[in-house]
Amino acid sequence: MATEIIMPKLGLTMTEGTVDEWAKQEGNPVKKGEVVCTISSEKLTYDVEAPMDGVLIKILVPAGEDAPCQAPIGYIGEPGEQVDGEKENPKTKPIVAGKEESAWQTMNSEVMDSSEKTSGTRVFITPLARKIAAEKGIDFKEINGTGGNGRITRRDVEAYVPAAKPVAAPRDTVAIGKGLKGMRKTIAQRMMASLHTTAQLTIHRKADITALMTFREEMKVKSGVPLVDGQLSLNTLVTRAVILALKETPSMNAWYKDGTYEEVNEIHIGMAVALDEGLVVPVIKNAANKTLTELGKSLNSVIHDTRQGTLSGDLYTGSTFTITNLGKSGVEYFTPIINSPEIGILGVGTMLKELALAEDNRVIQIQKLPLSLTFDHQIIDGTPAAEFLGKIIYYLEHPYLLVI
Amino acid sequence: MMSRRLTFMKAINEGLEQAMEKDDRVILLGEDIAGGADVKHLEEKNEDAWGGVFGVTKGLMPKFGRERVIDTPISEMGYMGAAVGAAATGLRPVPELMFNDFIGFCFDTILAQGSKMRYMFGGKAKIPMTIRTCHGAGASAAAQHSGSYYGMLGAIPGVKVVVPSNPYDAKGLLLAAIEDDNIVVFSEDKTLYGMKDEVPEEYYTVEIGKAKIKREGTDLTIVAIGKMLYVALEVADRLAKDGVDVEVIDLVTVAPWDEQTVLHSVKKTGRLIVIDEANPHNNTATDIASVVSDKAFDYLDGPVKCVCAPNTPVPFATNLEQLYLPNADRVLKEAAEIIEDLKK
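Residues numbered from 1 in each chain as written. Chains lettered and ligands numbered in written order. Predicted model: local features only at pLDDT ≥ 70, side-chain atom pairs only at ≥ 80, totals over all residues. Heavy atoms only, no water.

A. Looking closely at the overall build of chain B. Counting its secondary structure elements, chain B contains 11 helices and 14 strands. The 344 residues of chain B split such that 58% are buried. Restricting to contacts in chain B with at least 6 residues of sequence separation, those with at least 24 account for 80%. Surface accessibility of chain B: about 14000 Å² in total, with carbon and sulfur atoms responsible for 54%. (Helix = DSSP H or I, 4+ residues; strand = E, 2+ residues; numbered from the N terminus. Buried < 20%, exposed > 50% of the residue type's maximum accessible area, 1.4 Å probe, protein only. Contact = heavy atoms within 4.5 Å. Areas by Shrake-Rupley, 256 points an atom, 1.4 Å probe, with all protein chains shown as cover.)

Encoded structure:
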């Protein structure tokens, strides 16, 4: 009895994966746990291991093709074993045109490579056909030419029936990410999907973090525990403030996808990390249950693993709110794009030194942190979103609350 | 009554006879067109005189005498010059250039003198002269007796050129040419001389400059010159089996050719093939293609195709000569790109 190799589901939002490469070919012996193929999805590649000892008897999904999650992509069995029921490739097979090419068509295709025509570089049309097409208001580029050299003739224009167009032409989703590969393609598709399915609005406000920075220095000195570098980083403190604000604002810790709105009990924070290949968002799961130092450790750990490419597959998806930081680049405010299906994303800018009047009218130096909150206006309105940003700022300006 | 059938050659002969009967200013000049001059037993109205190298003028000398049917020395320049002079001074000469390949010998009399006199003398001199000559490959007559140079002559301002494709047109065009007050080259295809068809007994003319639609069609126009008409008709027959409706035009007059009829047809069908037995460059077919591309550009549904002889002299070997002549297979092949998509 043959055993299926299945397309793994590596995250909540993963629906299908692409087989990048088969490490084994049909007929090769495999050992349980040995890598049989590499798949890619969303933002990562993943090695699929053999579920048992045996022989790779059938590859269902060849390299380069997609398969839905949990669908079989191959079989392992005894040498010579046949797959019972011969399951079909989950992808629909292309319909092969059985039309015989006449000598004339062959001659035509010799005159001009058909790809040249379909690529739209140059359309050949007779003067008469061009005139008739113009009179009829037909875009002749859509007409198939049957004349010499593939040119469009009068008869082609007269025989042309325009394809019925839907009243509201849907976005050509296939075209998004076209010409891009791997992670870039995924990012393109996800960013466009986010912009197309949400009503995004970004609000900006600065937090006074003078007290926070003082508090951070005191903590470092007084904790008595040797802190690994970054455990009490500004990033960690901001994340903690966000977590506390999210606890009080359930509508911001939610998913809205395909017509389903769901508030999530746990808080899973996505942290945008820039890699050379593109942006990835590793997740700190159950972030609300972590102490400040645990949170710092987790942050350091996922960012490190992400950069090394060793992050576990399940830590790439499932975040409920995302934080992205352009502070290191000197950016103050920006308009982050929501990491769908989340409701909000916080953009952290660069820390600024400013002059201000103290209560006793002295001019003092303070430190400010520009924050940009993008939210989905479908789910939350401007005032509650501003209140949510206000809560984050309140926690940052009252740092002792971060450790309670 | 049109039941009487004559050969192409006899139709020309009858035309000459009727022209000479009608108008005694009409004279014939040429090499051996009477035959037997200065040969004692052939002198005077000898019924057996040769009547030209093909016998086209046979019987005319006995009827009209050596004063009007003049055997000339073998000097094209001499008798063609004499004909131009005779035309300028009141006669209506019909000189015969035995083969159009010999045009070089007498070209000056036509090109530099005859064709320009009416223009240069402000219309005071007319040159009502009809040059009979013959063209065409297919008679195994070798390169110096087989060329088709009507297009070359048609390029000269002031010279009209007609190329009949059948006995009826041959007689009518010849009479129209003799009536015309300008130089008209009447170019006979030597391979059509034996062709028989109905020819009216009476005097009649066929209009110079008017093409004839030989077969009406809507899909494709073929314009043919002279015997190429029969190639065009064969193509039309063969394409009809594939559901292609071909219009065939006999150009009849090479200069000035009938733009109106050709353009009207092309505007109807959108496609044009011209079949011309001349060599492929600077000929009548290329001229038609040029004018049509200019004046009917917006009506063209494909490139204009010219099917002509190759760019060589006419071969002597009969097998090569057959390859030289445009035929239906060649037309279907060379113009395939504007034919194939019409087939149903």
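B. Representation of the overall build of chain A. Helix and strand counts for chain A stand at nine helices and 19 strands. The burial tally for chain A puts 45% of its 404 residues in the buried class. Contacts in chain A between residues far apart in sequence, at least 24 positions, make up 62% of those at least 6 positions apart. Accessible surface for chain A amounts to roughly 21900 Å². Of this, 53% is attributable to carbon and sulfur atoms.

C. Structural context of helix α1 (residues 8–22) of chain B. Compared with the 21 Å implied by 1.5 Å per residue over 15 residues, the 21 Å span of α1 of chain B between its first and last C-alpha is a close match. Every buried residue belonging to α1 of chain B is among Phe 8, Ala 11, Ile 12, Asn 13, Glu 14, Gly 15, Leu 16, Gln 18, Ala 19 and Met 20 of chain B, and all of these are buried. (Expected span 1.5 Å × (residues − 1).)

D. Just the sheet that holds strand β5 (residues 44–49) of chain A, in detail. Residues and elements named next belong to chain A. What the four strands build is an open sheet, ordered β5-β4-β2-β7; its pairing is antiparallel. Strands at the two margins of the open sheet, each flanked by one partner only, are β5 and β7 (66–68). Ignoring strand direction, the axes of neighbouring strands in this sheet form an average angle of 40 degrees. For strand β2 (residues 16–22) and β7, the ladder comprises three bridges, and the chain directions are antiparallel. Counted as the bridge partner of Gly 17 is Ala 67 from β7. (Pairing = 2+ DSSP bridges. Axes fitted to C-alpha atoms, helices over the stretch in contact; angles between N-to-C directions.)

E. Representation of the environment of Ile 366 of chain A. All names here are of chain A. Structurally, Ile 366 is set in strand β19 (residues 363–376). Linking Ile 366 and Glu 354, residues 12 residues apart in sequence, is a C-alpha distance of 5.3 Å. With near-sequence residues (within four places) excluded, Ile 366 lies in contact with Asp 208, Thr 210, Leu 352, Lys 353, Glu 354 and Ala 356.

F. Up close: unusual backbone geometry. With an omega dihedral of 10 degrees, the bond running from Ser 340 of chain A to Pro 341 of chain A counts as a cis peptide bond. Note that Pro 341 of chain A resides in the loop between β16 (321–325) and β17 (344–348). In the segment running from Ala 255 of chain B into Pro 256 of chain B, the intervening peptide bond is cis, with an omega of -5 degrees. Looking at the element boundaries, Pro 256 of chain B is found in the loop between β12 (253–255) and α8 (259–269).

G. Broad picture of the pattern of salt bridges. Residues and elements named next belong to chain B. Per the stated rule, a full pass over the model turns up 37 salt bridges over all chains. A salt bridge links Arg 5 to Asp 197; the nearest nitrogen and oxygen atoms lie 4.0 Å apart. Separated by 192 residues along the polypeptide, Arg 5 in strand β1 (residues 5–7) and Asp 197 in strand β8 (residues 196–198) bring together distant segments of the chain. The exposure class assigned to Arg 5 is partly exposed, which follows from its relative accessible area of 47%. For Asp 197, a relative accessible area of 28% gives the class partly exposed. Notably, a salt bridge pairs Arg 132 with Glu 96, separated by 2.8 Å at the nearest N-O pair. (Salt bridge = Lys/Arg side-chain N within 4 Å of Asp/Glu carboxyl O.)

H. Representation of the packing of aromatic side chains in the model. On inspection of all chains with the given rule, the structure shows seven aromatic pairs over all chains. Put simply, the rings of Phe 8, Phe 54, Phe 99, Phe 102 and Tyr 193 of chain B pair up and form one aromatic cluster. In this structure, Lys 131 of chain A is placed above the aromatic ring of Tyr 299 of chain B, and the distance from its NZ or CZ to the ring centre is 4.0 Å. Positioned above the aromatic ring of Phe 140 of chain A, the side-chain terminus of Lys 141 of chain A is 5.3 Å from the ring centre. (Phe/Tyr/Trp six-rings, centres within 6.5 Å; stacked < 30°, edge-to-face > 60°. Lys NZ or Arg CZ within 6 Å of the ring centre and 35° of its normal.)

I. Quick peek at the interface of chain A and chain B. Each side of the interface is counted separately: chain A has 15 residues, and chain B has 18 residues. Regarding the contact of chain A and chain B, the summed buried area is about 1200 Å², with carbon and sulfur atoms giving 51% of it. Joining chain A to chain B, the criterion identifies three salt bridges. Between Glu 337 of chain B and Arg 151 of chain A there is a salt bridge, with the nearest N and O atoms lying 2.7 Å from each other. In this structure, the connection of chain A to chain B is made through seven residue pairs in polar contact (both at pLDDT 80 or more). Looking at the side of chain A that touches chain B, the elements with two or more residues in it are α3 (127–136) and α4 (154–159) of chain A. Classifying every residue of the side of chain A that touches chain B by side-chain character gives five nonpolar, six polar and four charged. (Buried area = accessible area lost by both parts, 1.4 Å probe. Polar contact = N/O pair within 3.5 Å; in protein donor to acceptor, adjacent residues only side chain to side chain. Nonpolar A, V, L, I, M, F, W, Y, C, P; charged D, E, K, R; others polar.)

Structural measurements only, silent on function.
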